[in-house]
Amino acid sequence: MEFTAFEIATFLNGEIIGDPTLKINNVSKIEEGKPGTLTFLANLKYDHFIYDTQASVVLVNESFIPEKEVKATIIKVKDAYSAMSSLLDLYVQSIPKKIGIESPNFVASSAKYGENVYLGAFCYLGENAQIGKNVKIYPHVWVGDGSIIGDNTIIFSGAKIYPETRIGKNCIIHAGAVIGSDGFGFAPQENGSYKKIHQIGNVVIEDDVEIGANTAIDCATMGSTMIKKGVKLDNLVQIAHNVVVGENTVMAAQTGIAGSTSIGRNCTFGGQAGATGHIKIGNNVTIAGKSGASNNVPDNKILMGEWAMDVSKYRRVYAVFRNLPELFMEVNHLKKELKKLNAE
Amino acid sequence: MEFTAFEIATFLNGEIIGDPTLKINNVSKIEEGKPGTLTFLANLKYDHFIYDTQASVVLVNESFIPEKEVKATIIKVKDAYSAMSSLLDLYVQSIPKKIGIESPNFVASSAKYGENVYLGAFCYLGENAQIGKNVKIYPHVWVGDGSIIGDNTIIFSGAKIYPETRIGKNCIIHAGAVIGSDGFGFAPQENGSYKKIHQIGNVVIEDDVEIGANTAIDCATMGSTMIKKGVKLDNLVQIAHNVVVGENTVMAAQTGIAGSTSIGRNCTFGGQAGATGHIKIGNNVTIAGKSGASNNVPDNKILMGEWAMDVSKYRRVYAVFRNLPELFMEVNHLKKELKKLNAE
Amino acid sequence: MEFTAFEIATFLNGEIIGDPTLKINNVSKIEEGKPGTLTFLANLKYDHFIYDTQASVVLVNESFIPEKEVKATIIKVKDAYSAMSSLLDLYVQSIPKKIGIESPNFVASSAKYGENVYLGAFCYLGENAQIGKNVKIYPHVWVGDGSIIGDNTIIFSGAKIYPETRIGKNCIIHAGAVIGSDGFGFAPQENGSYKKIHQIGNVVIEDDVEIGANTAIDCATMGSTMIKKGVKLDNLVQIAHNVVVGENTVMAAQTGIAGSTSIGRNCTFGGQAGATGHIKIGNNVTIAGKSGASNNVPDNKILMGEWAMDVSKYRRVYAVFRNLPELFMEVNHLKKELKKLNAE
């Protein structure tokens, strides 16, 4: 594939500043730009790279005003990140897709699948499993009995789908993800041992969800653990039994949500964040990385801290915390002063 | 299946309040109760749901006294959670179990397995592997050479058992769990690189243990990493080489235990908790979620905090911590007052 | 195998104190030493075990001076840990290695592999995959299209290698590790949903790298996520897209590195540590366990704390933190004293 800067600007409905005839045959990161490549500038942190980048063409936000000369040809677009994303879509669409059925595989006699599927070698479709059309099931995927997977969904190698799971359309499940393992429920016995509470519920994943590599989502004790439309979970995330994750909520890697907690829509969890069990987190809530929600959280809050509190409060607390030695010395100084005064 | 409230009360040895002829054909969560279902109330947090639930029958603790009218039929039992658990057992026993040998599989010529096993397609039994009777090995499980698995144990899809592992009876290993990977041992070299210390030990898992999805347990450098009888590990837990986890100890998801640490029996680790290496944690110890034990811990302690301390101390520390800005202002105020006094 | 203490001392170039004719046929941990075994003492914490160990021979550092009588025969070497490591090497070399090709497997027609490989049953080599010589691919490994794996590398069961990954020579990838899953990149849309940013880069792993069980390494959005020569990652580690991990850097279990962060060489991350995205961490940096780097870090720093600061500062802060109740009472006391003075 080769495009001119002019063709790209036209496709993106952008304004070109520089040489429209430049030819582009690949993409690059701005700090590693090479001649013949296109890159983009969306994060202010990377501004300074634009003046030295060797990339031929740079997509920038229309609000971008260079502080000095830029050698590369610039294409101004409304939103450089989205524009780059559109170009990546174009590129990905041009790559041939896996299709067809590889052998050996295991397809139970009552399992069904739609047209244009990819079934990789060593994949397993259990009894009464139903796979929609255009679905891609990579090698070593296990689809347990009675699970249903919607159209266009991609399940990468080695993901494990326990029986009776529901997965919607246009989802992506990455390698090693486990959907529907038993919730962690045990009744303590008088002799100190634990008796397993059987977990007879399932997991329901709605449309347009992406689940990261080696993430684990437990089935409900009864009813369903719910991952709603548009949710994006990163790698190594833990979702416990009976959790509800609301629409378009996003969780960065290694986040963990304990049992029966309900999370609203459009929330954001930073990496290694957590939420305790049996709480209700509202809509549009942000929990910072490494922070933990331990109580109900109203809508629109931003929380931070090991036992998360409002971010503005946390910042004030933390500003004192990091200067605790000075505060301690100040108190000691006051103590001495007071002693002197008292002695007078 | 259909039961009357009377039949269930009789089975549970409970006292019925309401209509004994009501018919039950499913279970539900109390907040999602539907007519024809049975639910239970064990957690005080959910008390208020009992007055509005649409479930036909609710199991409650015998100590429960309603504050107003309950429409559902009530069955009073000694312990509602255990009673529900017994009913779930009954339900699970009624579901047909996987049995038999699917193809293709790989069973080494020297591997042995007992009667009534399930060997899923694409499972792998290495040389001299020994599988007890009634064991279920789901698809894509790898049982390395010389590993031994006790009767009635269930190993879900894609779990990986390294060579020479010992797993007891009545265990459940969830999908993607890795048992026996190399301990993380390297000797620093003068040029800054690291030389691998070969890990020649194994993992020993005793009876009645449950291991969560994508949990990793490393083999010992020498000797055995020990998971004792009745231990329950949640998902994404890390157990390093030469760790000992005592009987009936329970760890919530994403907990990590560093190398050579020894943990007593009946301990509880909250989610994302941790323990540093080479320490000894006693019996009946609780480490709160997100907290980390960095020193030896005596029996019966409850610890909290990033560098965990006694919970009562931590709570007092934290109460001041969250009001640090006020303390800071107080000290500044005192400083000014004192300055005034000194100026007089 | 059986060796005398004298043979071992000669092999290790060590000084023998005690009976050189003692026979050794196994190794043990010092606290579990049995007659006929060899053990070692490298960690000061374990010093006291040497006086009671039942092991026949103990390797010690040449600087070790016993405080009382040691019954075991001692071999003094320059570095007991390295010496033990050399003996473990010898032992491991004596164990027969997996070699040959098991069936069934899936090797695409354009895939190539070198001599002396082990291809376990149910392994998958995609189109144009290239596997070097002496490589071991255990059962259920997925090698995506176009991936290249260098000589002598070992990939344990169920590891998943996405297309176009590069893995160097002499690497070890443990079970369940996922290399090359999509980076977590989404563009927020006006309606609150997220649009996937296609991730078209790959992962490059250089020589002598070890990757732990169930660790996840995302591919780059564009370009490569880089794991440089000699890096050692423990289990359940998360490496996000476009991260660079420098030579000989070591990360303990459950560490997470967010997107586009660059880490220098010879760094050490404790367990459950983290680094936020888009920062630069220098060489020889240590981030303590459970700590998080949230800003650029210069060379040679040791950081500690949830929002990591210099370790010496953190220790001073923490010393006050853990005595906050006392500081609070002191301030209250000063307040009362001052009130009294003002009243006079």
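Residues numbered from 1 in each chain as written. Chains lettered and ligands numbered in written order. Predicted model: local features only at pLDDT ≥ 70, side-chain atom pairs only at ≥ 80, totals over all residues. Heavy atoms only, no water.

Novice: Give me the overall build of chain A: which residues, what numbers.
Specialist: A count of helices and strands for chain A gives four helices and 40 strands. The C-alpha atoms of chain A give 27 Å as radius of gyration, which overshoots the globular expectation for 344 residues (20 Å, by more than 25%). Projected onto the principal axes, the alpha-carbon positions of chain A cover approximately 95 × 75 × 30 Å. Taking as baseline every contact in chain A between residues at least 6 positions apart, the subset at least 24 positions apart corresponds to 16%. Surface accessibility of chain A: about 13,800 Å² in total, with carbon and sulfur atoms responsible for 52%. Counting 33 positive and 35 negative side-chain charges, chain A places the averaged centre of each group 5 Å from the other. (Helix = DSSP H or I, 4+ residues; strand = E, 2+ residues; numbered from the N terminus. Rg over C-alpha atoms; globule rule 2.2 N^0.38 Å. Contact = heavy atoms within 4.5 Å. Areas by Shrake-Rupley, 256 points an atom, 1.4 Å probe, with all protein chains shown as cover. Lys, Arg positive; Asp, Glu negative; His and termini not counted. Charge placed at Lys NZ, Arg CZ, Asp CG, Glu CD.)

Novice: Before we move on, could you go through the interface of chain A and chain C and cite the residues and values that matter?
Specialist: Counting from both sides, the interface comprises 71 residues of chain A and, opposite them, 68 residues of chain C. Of the roughly 5,500 Å² buried between chain A and chain C on both sides combined, carbon and sulfur atoms contribute 64%. On the chain A side of the interface with chain C, the three residues burying the most area are A:Phe122, A:Lys290 and A:Leu338, jointly 10% of the side's total. Contributions of two or more residues to the side of chain A that touches chain C are made by α2 (80-94), β28 (232-233), β31 (250-251), α3 (311-321) and α4 (324-343) of chain A. The element best represented in the side of chain A that touches chain C is α4(A), accounting for 10 residues. (Buried area = accessible area lost by both parts, 1.4 Å probe.)

Novice: Can you break down helix α4 (residues 324-343) of chain B residue by residue, with the values?
Specialist: For α4(B), built from 20 residues, the straight-helix expectation of 28 Å at 1.5 Å per residue is met to within 8% by its first-to-last C-alpha distance of 29 Å. Among the residues of α4(B), B:Leu324, B:Pro325, B:Leu327, B:Val331, B:Leu334, B:Glu337, B:Leu338 and B:Leu341 are the ones counted as buried. Tucked into the core, α4(B) has its buried residues touching α3 and α4 of chain A, α3 (311-321) of chain B together with α4 (324-343) of chain C. (Expected span 1.5 Å × (residues − 1). Buried < 20%, exposed > 50% of the residue type's maximum accessible area, 1.4 Å probe, protein only.)

Novice: Talk me through the sheet that holds strand β19 (residues 166-167) of chain A; I want residue IDs and the actual numbers.
Specialist: Residues and elements named next belong to chain A. Judged by pairing direction, the sheet is parallel, and its nine strands sit side by side in the order β10-β13-β16-β19-β24-β27-β30-β33-β36 without closing on themselves. Each edge of the open sheet is held by one strand with a lone partner, namely β10 (112-113) and β36 (280-281). Across two bridges, the pairing between β10 and strand β13 (residues 130-131) is parallel. Bridging across to β13, Lys112 finds its partner in Gln130. (Pairing = 2+ DSSP bridges.)

Novice: Can you explain the pattern of salt bridges? Please cite residues and give values.
Specialist: Residue and element names in this part refer to chain B. Scanning all chains against the criterion turns up 30 salt bridges over all chains. Among the salt bridges present, the one from Glu164 reaches Arg166, with a minimum N-O distance of 3.4 Å. Residue Glu164 is classed as partly exposed on the basis of its relative accessible area, which comes to 40%. Ionic pairing is found between Lys340 and Glu337, a salt bridge with its closest N-O pair at 3.3 Å. (Salt bridge = Lys/Arg side-chain N within 4 Å of Asp/Glu carboxyl O.)

Novice: Could you give an account of the packing of α4(A) against helix α3 (residues 311-321) of chain C, with specific residues and numbers?
Specialist: In the contact formed by α4(A) and α3(C), the axes pass within 8 Å of each other and the chain directions differ by 55 degrees. Judged by the inter-axis angle, α4(A) sits oblique to α3(C). Across the interface between the two elements, A:Leu324, A:Pro325 and A:Phe328 of α4(A) pack against C:Arg316, C:Val317, C:Val320 and C:Phe321 of α3(C). Grouping the amino acids of the contact of α4(A) with α3(C) by side-chain chemistry returns six nonpolar, no polar and one charged. (Axes fitted to C-alpha atoms, helices over the stretch in contact; angles between N-to-C directions. Parallel < 35°, antiparallel > 145°, perpendicular 65-115°, else oblique. Nonpolar A, V, L, I, M, F, W, Y, C, P; charged D, E, K, R; others polar.)

Novice: Give me the lowdown on the packing of aromatic side chains, citing residues and values where you can.
Specialist: All names here are of chain A. Enumeration over the complete set of coordinates arrives at 42 aromatic pairs over all chains. Judged by centre distance (4.4 Å) and plane angle (5 degrees), the ring pair of Phe106 and Tyr124 falls under stacked. Note that Phe106 is positioned in strand β9 (residues 106-107) and Tyr124 in strand β12 (residues 124-125), a separation of 18 residues in sequence. Taking relative accessible area as the criterion, Phe106 reaches 17% and is therefore assigned buried. (Phe/Tyr/Trp six-rings, centres within 6.5 Å; stacked < 30°, edge-to-face > 60°.)

Novice: So, the packing of helix α1 (residues 5-12) of chain B against helix α2 (residues 80-94) of chain B: which residues are in play, and what are the values?
Specialist: Residue and element names in this part refer to chain B. α2 packs onto α1 with a crossing angle of 110 degrees between their chain directions and a minimal axis gap of 11 Å. Classed by the angle they form, the pair α1 and α2 counts as roughly perpendicular. Counted together, Ile8, Phe11 and Leu12 of α1 and Ala83, Ser86, Leu87 and Leu90 of α2 form the full contact between these two elements. Of the residues in the contact of α1 with α2, the class split is six nonpolar, one polar and no charged.

Novice: Help me get a handle on the relation of the copies chain A and chain B, residues and values and all.
Specialist: Superposing chain A onto chain B takes a rotation of 120 degrees plus a shift of 0.1 Å along the axis, which leaves an RMSD of 0.1 Å. Overall, the copies show the geometry of a three-fold rotation axis. (Least-squares fit on C-alpha atoms with pLDDT ≥ 70 in both.)

Novice: I'd like to hear about the confidence of the model for chain A, residue by residue, with values.
Specialist: Across chain A, the average pLDDT comes to 95, with 100% of residues at 70 or higher. Taken together, the chains of this predicted complex give a pTM of 0.95 and an interface ipTM of 0.94. (pLDDT = per-residue confidence, 0-100.)

Novice: Any chance you could break down the sheet that holds strand β33 (residues 262-263) of chain C for me, citing the residues and the numbers?
Specialist: Judged by pairing direction, the sheet is parallel, and its nine strands sit side by side in the order β10-β13-β16-β19-β24-β27-β30-β33-β36 (chain C) without closing on themselves. Strand pairing shows two members of the sheet lacking a second neighbour, β10 (112-113) and β36 (280-281) of chain C, which therefore form its edges.

Novice: How would you summarise the environment of B:Val143 if you had to cite specific residues and measurements?
Specialist: Residues and elements named next belong to chain B. Looking at the element boundaries, Val143 is found in strand β15 (residues 142-143). Along the backbone, Val143 and Ile131 are 12 residues apart, and their C-alpha atoms lie at a distance of 9.4 Å. Sequence-distant contacts of Val143, defined by excluding residues within four places in its chain, comprise Tyr124, Leu125, Gly126, Ala129, Ile131, Ile137, Ile149 and Ile161.

Novice: If you had to explain unusual backbone geometry to someone new, which residues and values would you point to?
Specialist: Residue and element names in this part refer to chain A. With an omega of -5 degrees, the peptide bond running from Ser103 to Pro104 counts as cis. Within the element layout of this structure, Pro104 appears in the loop between β8 (100-101) and β9. For Gln272, which is not glycine, the phi torsion reads 60 degrees and is therefore positive. Looking at the secondary structure, you find Gln272 in the loop between β34 (268-269) and β35 (274-275).

Novice: Could you give an account of the interface of chain A and chain B, with specific residues and numbers?
Specialist: Listed as interface residues are 69 residues of chain A and, on the opposing side, 71 residues of chain B. Where chain A abuts chain B, roughly 5,500 Å² becomes buried across the two surfaces, and 64% of that area is made up of carbon and sulfur atoms. Of all residues in chain A, A:Phe184, A:Met222 and A:Trp307 bury the most surface against chain B, accounting for 14% of the area lost on that side. Inspection of the region where chain A meets chain B yields four salt bridges. At the boundary of chain A and chain B, one finds 31 residue pairs in polar contact (both at pLDDT 80 or more). Within the residue set of the side of chain A that touches chain B, elements represented by two or more residues are β21 (178-181), β22 (186-188), β23 (194-196), β26 (216-218), α3 and α4 of chain A. Take the side of chain A that touches chain B: its biggest share by element is eight residues, from α4(A). (Polar contact = N/O pair within 3.5 Å; in protein donor to acceptor, adjacent residues only side chain to side chain.)

Novice: Go over a nonpolar patch on the surface with me, naming the residues and quoting the values.
Specialist: On the surface, A:Phe3, A:Phe11 and A:Leu90 cluster together into a nonpolar patch covering about 250 Å² of accessible area. Mapped onto the elements of the fold, A:Phe11 is located in helix α1 (residues 5-12). (Patch = residues over 30% accessible without salt bridge, like charges linked within 9 Å, V, L, I, M, F, W, Y side chains within 5 Å.)

Novice: Provide a residue-level description of the side chain of C:Lys76, including the pertinent values.
Specialist: Residues and elements named next belong to chain C. Along the polypeptide, Lys76 turns up in strand β7 (residues 73-77). In this structure, Lys76 is buried with no salt-bridge partner, the nearest side chain bearing the opposite charge being Glu15 at 5.5 Å. Reaching out from Lys76, the side chain makes a polar contact with the backbone oxygen of Phe64 at a distance of 3.1 Å. When residues no more than four places from it in sequence are discounted, the contact partners of Lys76 are Gly14, Glu15, Ile17, Val60, Asn61, Glu62 and Phe64.

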